[in-house]
Amino acid sequence: MVDYCNPSMAVASPSFAGGERKHWWLTNKKIVDRYVREARMLIATQEPSEITAALGILEAALALAPRMEVALEQKARCLLHLRRFKEVADMLQDYIPSLKTVASDDSSSSASSDNSSTQLSRERVKLLSSSSDSLSGDETAFKCFSVSDLKKKVMAGLCKNVEKERQWRYSILGQACCHLGLMEEAMVLLQTGKRIATAAFRRESISLSDDIFSFNKFPRTGEILVSNQPSTPPKTQSESISHLLCHIKLLIRRKTAAIAALDAGLYAEAIRHFSKILDGRRGAPQGFLSECYVHRATAFRSAGRIAEAIADCNRALALDTSCIDALTIRAGLFETIRCLPDSLHDLEHLKLLYNSILRDRKLPGPIWKRQSVQYREIPGKLCSLATKIQQLKQRVAAGETGNVDYYALIGLRRGCSRSELERAHLLLTLKHKPDKSSSFIERCEFADEKDIDSVRDRAKMSSLLLYRLVRRGYTSVMSTILDEEAAEKQRKKVVAVQQPPPMPVAEESKAIKTPPPSVFQGVFCRDIAVVGNLLAQAGFNRRIPVKYEALSC
């Protein structure tokens, strides 16, 4: 019942012709319906400016009717078209699978209440049936109306209608989660929306009204059929959702294979799978790429490729400045190569991030963002981090800043040759050149286009620092190799001075070419004996003049 004494109600309830007064909510419903019609006309143009205007109209409609399903759907579609995915996720965050803990508790409590009410209704049915049986035993048994069955049927019909009305939430929220990098949630939501749409279409196709054969439903010759029944979703939208689902499954499959290889210790295989995701032709969302860069940095670190691991951490931090895992891994990498100032800088940044989390009493980012740590773990991590920072400061004060292990940075063994150093430096220079530092942005799908410039600037700055570090490493290792080569030449000179002078070349060749005379004499005597035997067998009786010196053995 409406209280007409309320002044606000009185203002909202205009008087119509004939003295008839309508309720204020009927007037608001007409206004909201008109707003929705105007918004649909603007959305049909597919122009960003018109869609922005339609969004403002829908905001006004929702101010009058906050729970109007049609206005909520059109607003979500406007935000999705304008690529404002974060607002879509904030608007429909109750439907994200990873955030349904509270809803599950509510559903469990509601299920217990339903069970209790069902048992109560069964008891009432038993009482009615027993009383009827006791009243007249000769009459036919009275069949009581089943309240529980009616309740089940009504609730099933309501659930079907609710699922049909809220089907758009799963498809729109699934697309928004995909663009935000929540691949698992996007796959579940899109599959749920597809299943609900298929079930609704199946129910409509086998309904009684569709199975009745009537000639009025078929057009005659030269007539056009005009149907007012609800049509199925457009084929283009269903096809785009199917393609998006295939892409999501492919990315999840590759990521799962890469993480399994990483856990099994197959670091080269893990790097190969992650590179397929990160260097593929089709792009991937910003949050998903950031996670893959962190995992590939872990694989690079385990494989001993420090420079590539630092570069992946730089890309992950360029995409997400509050990535705790990337900061932790990069600080550990700098400490591994004894680059203590850079490691100390990352640990200080991580400490500021932990302090901000404790101050705000929540993890960085929106509630639906996937985090690698929990809030209750932050105090313990902060204490261990403070101890680590204190130890690094003591090492820096002791003078360990200049003892950087550039061999580990470049990926070479100690005592390597100049050709190995030049080859490794050339590969690192071509891969981590500052001019190519922002090439990965082309394969990244940003949730907000305004972030592109800031991501490019951060990537360029971190790549420049890594490039300079590699250049210093090349200069240091090359100077070490040149010193070793100079020391080797000096050692050879000293050894050459200590040895006796070698023989002249002519005498040495003559000594090598002239064997002792006894060798030739023995060979000559053996050959003469063989020749004499052959001549005697042939009957050769002539004399052969031979010098006496040749016969002397």
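No experiment lies behind these values; they were computed from the predicted model shown.

**Thoughts on the overall build of the protein**
And then number 1: Each helix and strand in the protein was counted, giving 23 helices and two strands.
And then number 2: Expressed as a percentage of the 553 residues in the protein, the buried residues total 32%.
And then number 3: Here the protein has roughly 35500 Å² of accessible surface; of this, 57% comes from carbon and sulfur atoms.

**With respect to helix α19 (residues 418–431)**
And then number 1: With 14 residues, α19 extends 20 Å between its outermost C-alpha atoms, agreeing within 8% with the 20 Å of an ideal straight helix rising 1.5 Å per residue.
And then number 2: Tucked into the core, α19 has its buried residues touching α14 (306–319), α18 (406–410) and α20 (451–498).

**Here we look at the packing of helix α13 (residues 286–303) against α14**
And then number 1: Packing of α13 against α14 brings their axes to within 8 Å, and their N-to-C directions diverge by 160°. In terms of orientation, α13 and α14 fall into the roughly antiparallel class. Our pair here, α13 against α14, has a crossing hand that is left-handed. Of α14, the residues touching α13 (which contributes Gln286, Leu289, Ser290, Tyr293, Val294, Arg296, Ala297, Phe300 and Arg301) are Glu308, Ala309, Asp312, Cys313, Arg315, Ala316 and Leu319.
And then number 2: Tallied by class, residues from the contact of α13 with α14 come to nine nonpolar, two polar and five charged.

**Remarks on the nonpolar core**
And then number 1: With 121 residues, the main nonpolar core has Ile248, Leu319, Tyr354, Leu409, Leu421 and Phe440 as its most contacted residues.
And then number 2: Excluding anything up to four places from it in sequence, leucine 409 contacts Ile306, Ala307, Ile310, Ile337, Leu469 and Val470.

**Examining the pattern of salt bridges**
And then number 1: Tallied over the entire structure, the rule returns 26 salt bridges.
And then number 2: Arginine 315 is paired through a salt bridge with aspartate 312; the nearest N and O atoms lie 2.8 Å apart. With arginine 315 and aspartate 312 both in helix α14 and three residues apart, the pair spans about one turn of that helix. The same class applies to arginine 315 as to aspartate 312, namely buried.
And then number 3: The shortest N-O distance in the salt bridge between glutamate 335 and lysine 388 comes to 2.8 Å. Remark: lysine 388 occurs in helix α17 (residues 378–397) and glutamate 335 occurs in helix α15 (residues 324–336); sequence separation between them is 53 residues.

**Describing the packing of aromatic side chains**
And then number 1: Applying the stated criterion across every chain yields a total of two aromatic pairs.
And then number 2: Taking 5.8 Å as the distance between ring centres and 90° as the angle between the ring planes, the aromatic pair formed by tyrosine 95 and tyrosine 170 counts as edge-to-face. Highlighted residues: tyrosine 95 in the loop between α5 (85–91) and α6 (101–135) and tyrosine 170 in helix α8 (residues 167–179), separated in sequence by 75 residues. When sorted by exposure, tyrosine 95 lands in the same class as tyrosine 170, which is buried.
And then number 3: Consider the rings of tyrosine 293 and phenylalanine 440, whose centres lie 5.9 Å apart with planes at 85°: the pair is edge-to-face.

**Overview of the confidence of the model for the protein**
And then number 1: Scored by pLDDT, the protein comes out at a mean of 75, with 68% of its residues at no less than 70.
And then number 2: For the stretch residues 105–145, pLDDT sits under 50, and the model shows twelve contacts to residues farther than four places along the chain or on other chains.
And then number 3: In this model, residues 210–218 is a region of pLDDT below 50 whose contacts with residues beyond four sequence positions or in other chains number nine contacts.

**Structural notes on the environment of leucine 409**
And then number 1: Following the sequence through the fold, leucine 409 ends up in helix α18.
And then number 2: Judged by relative accessible area, which is 1%, leucine 409 ranks as buried.
And then number 3: Counting along the chain gives 65 residues from leucine 409 to tyrosine 474, while the straight-line C-alpha distance between them is 9.8 Å.

**Brief notes about the packing of α19 against α20**
And then number 1: It is at 10 Å that the axes of α19 and α20 come closest, and there the two elements cross at 175°. Classed by the angle they form, the pair α19 and α20 counts as roughly antiparallel. Here α19 contributes Arg418, Leu421, Glu422, His425, Leu428 and Thr429 to the contact with α20, which in turn contributes Tyr467, Val470, Arg471, Tyr474, Val477, Met478, Ile481, Leu482 and Glu485.
And then number 2: Residues that form the contact of α19 with α20 fall into these classes: nine nonpolar, two polar and four charged.

**Some details on helix α3 (residues 48–64)**
And then number 1: Counted at 1.5 Å a residue, the expected span for α3 with its 17 residues is 24 Å, and the 25 Å between its end C-alpha atoms agrees.
And then number 2: For α3, the complete set of buried residues consists of Ile51, Ala54, Leu55, Ile57, Leu58, Ala61 and Leu62.

**Focus on the environment of leucine 72**
And then number 1: Positionally, leucine 72 belongs in helix α4 (residues 69–81).
And then number 2: The spacing of leucine 72 and valine 36 is 36 residues in sequence and 10.0 Å in space, taken between C-alpha atoms.
And then number 3: Here leucine 72 is in contact with Leu62, Pro66, Arg67, Met91, Trp168 and Arg169, once residues within four sequence places are set aside.

**So, unusual backbone geometry**
And then number 1: Phi at glutamine 46 takes a positive value of approximately 65°, unusual for a residue other than glycine.
And then number 2: Tracing the backbone shows glutamine 46 in the loop between α2 (24–43) and α3.
And then number 3: Backbone geometry at arginine 338 places phi at a positive 60°, although glycine is not the residue there.

**Some words on the side chain of aspartate 346**
And then number 1: Inspection of the secondary structure puts aspartate 346 in helix α16 (residues 340–360).
And then number 2: Overall, the relative accessible area of 1% leaves aspartate 346 in the buried class.
And then number 3: Once you skip the residues sitting within four places of it in the chain, aspartate 346 turns out to touch Leu327, Arg330, Ala331 and Phe334.

Thresholds, definitions, all that
Residues numbered from 1 in each chain as written. Predicted model: local features only at pLDDT ≥ 70, side-chain atom pairs only at ≥ 80, totals over all residues. Heavy atoms only, no water. Helix = DSSP H or I, 4+ residues; strand = E, 2+ residues; numbered from the N terminus. Buried < 20%, exposed > 50% of the residue type's maximum accessible area, 1.4 Å probe, protein only. Areas by Shrake-Rupley, 256 points an atom, 1.4 Å probe, with all protein chains shown as cover. Expected span 1.5 Å × (residues − 1). Contact = heavy atoms within 4.5 Å. Axes fitted to C-alpha atoms, helices over the stretch in contact; angles between N-to-C directions. Parallel < 35°, antiparallel > 145°, perpendicular 65-115°, else oblique. Left-handed = near helix turned anticlockwise from the far one by under 90°. Nonpolar A, V, L, I, M, F, W, Y, C, P; charged D, E, K, R; others polar. Core = buried A, V, L, I, M, F, W, Y, C linked by side-chain atoms within 4.5 Å. Salt bridge = Lys/Arg side-chain N within 4 Å of Asp/Glu carboxyl O. Phe/Tyr/Trp six-rings, centres within 6.5 Å; stacked < 30°, edge-to-face > 60°. pLDDT = per-residue confidence, 0-100.

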